[in-house]
Amino acid sequence: MTASAPADRAEITTTTLRQAVALPERPARPSALAMTLTFGWRALLKIKHVPEQLFDVLVSPVIFTLMFTYLFGGALAGSTSAYIQFLLPGILVQTIVIVTVYTGYTLNTDITKGVFDRFRSLPIWRPAPIVGALLGDTVRYSIASVMTIGLGLILGFRPDGGVVGVVLGVLLLLVFAFSLSWIFTILGLLLRTPNAVMGVSMMVLMPLTFASNIFVDPSTMPAALQRFVEINPVSHLVTAVRGLMAGQPDGGEIVWVLVASVVLTGVFGPITMRLYRTRH
């Protein structure tokens, strides 16, 4: 009697636990949108717990805007107040485009820690971890945009397009940044270390951002460089954003940016997901 008492209690405990965790119906599987938003929230929580991740979006816009305005403003436009009107939309584009590099960097960091191996073992919509991370990074792009525009207003930037023009310009930039991020997710999946992702990405972006119409009018450049600037996608983006903020939207350039965004997502999105599924 005494010997069987512990066994009886264990059986009762096991039965009680099973009843506690048993559900009358299997819960419905979350939708693809819900899974994506969950991973987007995860990306934001990472910022909360590691606030150093905001260093690039808080400090870089300030450094770029102040440095280029006061280094080149007087020489190129006669005054910093005149130059900031031309520069700010371009420096905003440069800041956000460079920040997109961190999408691949953080993805590679998760991979090296084994986090994404756990995600791939879960019964979830496969693209959710990638798309969610990209949506979370969009918040970082928005913060960088606010920082750049806020500093520009302090320095004398006065957009003729008003609030509507500024908001539309930022939205167009965010759309392009989201599509561009797919390229850096591919680098994050292919390269072995986060530092390698950062190095290769910067090697690609530096010529695209500096050999563009961000800082000066291309008409002052040598003919060969002018031709490169004219086909540079960053130049098209800067022209579109600059026109919206100036109250003179260029419909052709806006359509070009939107089409380019769709093409980038349509081409590099599937490649990213294939690499994500097959990566060992």
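Located above this text is the structure these notes cover.
Reading the values: the criteria
Residues numbered from 1 in each chain as written. Predicted model: local features only at pLDDT ≥ 70, side-chain atom pairs only at ≥ 80, totals over all residues. Heavy atoms only, no water. Axes fitted to C-alpha atoms, helices over the stretch in contact; angles between N-to-C directions. Helix = DSSP H or I, 4+ residues; strand = E, 2+ residues; numbered from the N terminus. Parallel < 35°, antiparallel > 145°, perpendicular 65-115°, else oblique. Left-handed = near helix turned anticlockwise from the far one by under 90°. Contact = heavy atoms within 4.5 Å. Nonpolar A, V, L, I, M, F, W, Y, C, P; charged D, E, K, R; others polar. Salt bridge = Lys/Arg side-chain N within 4 Å of Asp/Glu carboxyl O. Buried < 20%, exposed > 50% of the residue type's maximum accessible area, 1.4 Å probe, protein only.

(A) Seen up close, the packing of helix α5 (residues 101-112) against helix α7 (residues 128-155). Relative to each other, α5 and α7 sit at 135°, their axes nearing to 10 Å. Considering the angle they form, α5 stands oblique to α7. Here α5 and α7 pass one another in a crossing that is right-handed. Counting all contacts with α5, which are made through Y102, T103 and L107, the residues of α7 involved are I130, L134, D137, R140 and Y141. Its residues placed into classes, the contact of α5 with α7 shows five nonpolar, one polar and two charged.

(B) Layout of the pattern of salt bridges. Applying the stated criterion across every chain yields a total of two salt bridges. Where D110 meets R42, a salt bridge forms, and the shortest distance between an N and an O atom there is 3.4 Å. Of this pair, D110 sits in helix α5 while R42 sits in helix α2 (residues 32-49), placing them 68 residues apart in sequence. Relative accessible area serves as the criterion here: at 25%, R42 is assigned to the partly exposed category. Between D137 and R140 there is a salt bridge, with its nearest N and O atoms 3.5 Å apart. Here D137 and its partner R140 are both found in helix α7, three residues apart, which amounts to about one turn of the helix. Exposure remark for R140: the relative accessible area of 3% places this residue in the buried category.

These results come straight from atomic positions and should not be treated as a statement about function.
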